[in-house]
Structures are given as structure tokens and as C-alpha cells.
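A look at the structure
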Amino acid sequence: MAVAAVTACRAAEVKKKGVRVVEGKEIPWNIFSPKEPYVGKVVPNVKHPQTLTEPTGDPNWETTHVTFDHGGKVPYLEGQSIGIIAPGPDKKGETPARIRLYSIASSAVGDDETSKTVSLCVKRVVDVEGQYANREVGEDKPDKAGTV
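None of these values were measured; they are calculated from a predicted model. (Residues numbered from 1 in each chain as written. Predicted model: local features only at pLDDT ≥ 70, side-chain atom pairs only at ≥ 80, totals over all residues. Heavy atoms only, no water.)

1. Here's the deal with the overall build of the protein chain
What the protein chain contains, in helices and strands, is one helix and seven strands. Its helices and strands in sequence order give the protein chain the pattern α-β-β-β-β-β-β-β, from N to C terminus. Counting every position in the protein chain, which comprises 148 residues, the buried fraction comes to 22%. Within the protein chain, residue pairs in contact and separated by at least 24 positions form 51% of the contacts whose partners lie at least 6 positions apart. Counting only carbon and sulfur atoms, one obtains 55% of the accessible surface of the protein chain, whose full area is about 10,900 Å². (Helix = DSSP H or I, 4+ residues; strand = E, 2+ residues; numbered from the N terminus. Buried < 20%, exposed > 50% of the residue type's maximum accessible area, 1.4 Å probe, protein only. Contact = heavy atoms within 4.5 Å. Areas by Shrake-Rupley, 256 points an atom, 1.4 Å probe, with all protein chains shown as cover.)

2. Quick look at unusual backbone geometry
Phi is positive for E113, close to 60°, though the residue is something other than glycine. Even without glycine at this site, S115 takes up a positive phi of about 65°. By secondary structure assignment, the location of S115 is in the loop between β6 (100-103) and β7 (117-123).

3. Some words on the nonpolar core
One finds V66, F68, V74, Y76, I82, I104, V118 and L120 forming the largest nonpolar core, which totals eight residues. When contributions to this core are tallied by element, the ones reaching two or more residues are β4 (63-69) and β7. Those residues in contact with Y76, other than ones at most four positions away along the chain, are P28, H70, I104, S106, S107, A108, G110, T117 and V118. (Core = buried A, V, L, I, M, F, W, Y, C linked by side-chain atoms within 4.5 Å.)

4. A look at the side chain of T63
Tracing the backbone through its elements, the reader meets T63 in strand β4. By relative accessible area, T63 is classed as buried at 19%. Leave out the neighbours within four places in its chain, and T63 touches Q50, T51, L52, T53, V122 and K123.

5. Structural notes on the pattern of salt bridges
Summed over all chains, the structure comprises one salt bridge. For R98, the salt bridge identified is with E94, shortest N-O distance 4.0 Å. (Salt bridge = Lys/Arg side-chain N within 4 Å of Asp/Glu carboxyl O.)

6. Some thoughts on the environment of T117
Relative to the helices and strands, T117 is located in strand β7. T117 gets classed as buried once you look at its relative accessible area, which sits at 6%. T117 sits 72 residues away from N45 along the chain, and the two C-alpha atoms are 9.7 Å apart. What T117 contacts, discounting residues up to four positions off in sequence, is T67, F68, D69, H70, Y76, S106, G110, D111 and D112. At 3.2 Å, the side chain of T117 and the side chain of D112 are in polar contact. (Polar contact = N/O pair within 3.5 Å; in protein donor to acceptor, adjacent residues only side chain to side chain.)

7. Some words on the confidence of the model for the protein chain
The predicted model of the protein chain has a mean per-residue pLDDT of 75, with 72% of residues at 70 or higher. Here residues 1-14 scores under 50 on pLDDT; set against residues more than four positions off or in separate chains, the count is four contacts. Low pLDDT, under 50, characterises residues 134-141; the stretch is placed with 14 contacts to residues that sit more than four places away or in other chains. (pLDDT = per-residue confidence, 0-100.)

Take a look at the structure:
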């Protein structure tokens with residue numbers, strides 16, 4: 001009878017909301033959803049420059065290090081990804097925009113080692129009406145959704 005009780009407890013742990021048990025460790029998993037998202041904010045990062053790459057003449061030269069403050073409410077581990085819903089409509093005009101998944105670039109404690117931030121490295125792609133924009137001349141224009 002004691003074996004059945006232990007097995008039932010383990011099954012209950014596996015079904016705990018927001019975690020998965022992998023090799024005996026609880027891993028944060030799908031804590032938030034599109035219907036119940038967590039709203040974070042972009043913050044300056046004093047340890048890493050925002051723009052990681054140098055201009056090359058290619059309009060798509062820019063890769064940025066973007067840091068979000070989540071107040072310690074979005075636990076994660078190295079190797080996980082995070083879903084971001086951009087404000088406003090998507091390129092088809094649908095609101096809210098669909099989730100975009102990004103690989104997390106920071107360690108589990110964040111760049112500031114407080115476990116309150118998460119960082120992503122994002123490559124900017126400049127494409128307006130099927131043509132690449134020339135950033136040097138200032139031809140960056142918003143796309144149909146109004147984002148640049």
C-alpha cells in the first residue's frame with residue numbers, strides 16, 4: 001500500500017501547473033499563455049551593449065541584445081525559449097500578434113545575476129514591401145503593422 005501512495009504522489013508532482021519534472025528536477029514550463037501573458041518591460045543592460053554587431057553596409061547588419069525585466073516572475077533555465085507577443089497587430093493586421101519564440105541568451109540568473117531579467121539576441125531584418133531598406137540613407141519605413 002505504501003508503494004501505491006508514493007507512486008500517486010509522484011504522479012501529482014508531474015501534473016503541477018507550470019512545471020515539468022525531468023530527471024527528478026522541476027523545470028518551469030508554460031507558466032503563461034497568450035490568453036494570460038506576463039507583461040514585462042525592456043530595460044537597459046549595463047553589462048552588454050545593446051547593438052552587438054558593427055555596420056557592414058548590408059541593411060540587415062544589426063543584431064541586438066535585448067533585456068527584459070520580469071521581476072523574478074518568469075523562471076527559466078538555460079536552453080529554454082520564451083514566447084514574445086509584440087504590441088499591436090501582426091503584418092496581416094490581426095490583433096493580438098502571434099507569439100514569436102526566441103532562444104534565451106542569458107543564464108538562469110539573468111545578465112544582472114538577480115534572477116529578475118531575461119535576455120535575447122535578436123537579428124533585425126529590414127524588409128519593406130519586398131525590398132531591403134537602406135538604413136544609411138534613412139529609408140527605414142514602418143511595415144503594414146506600423147513596426148520598424
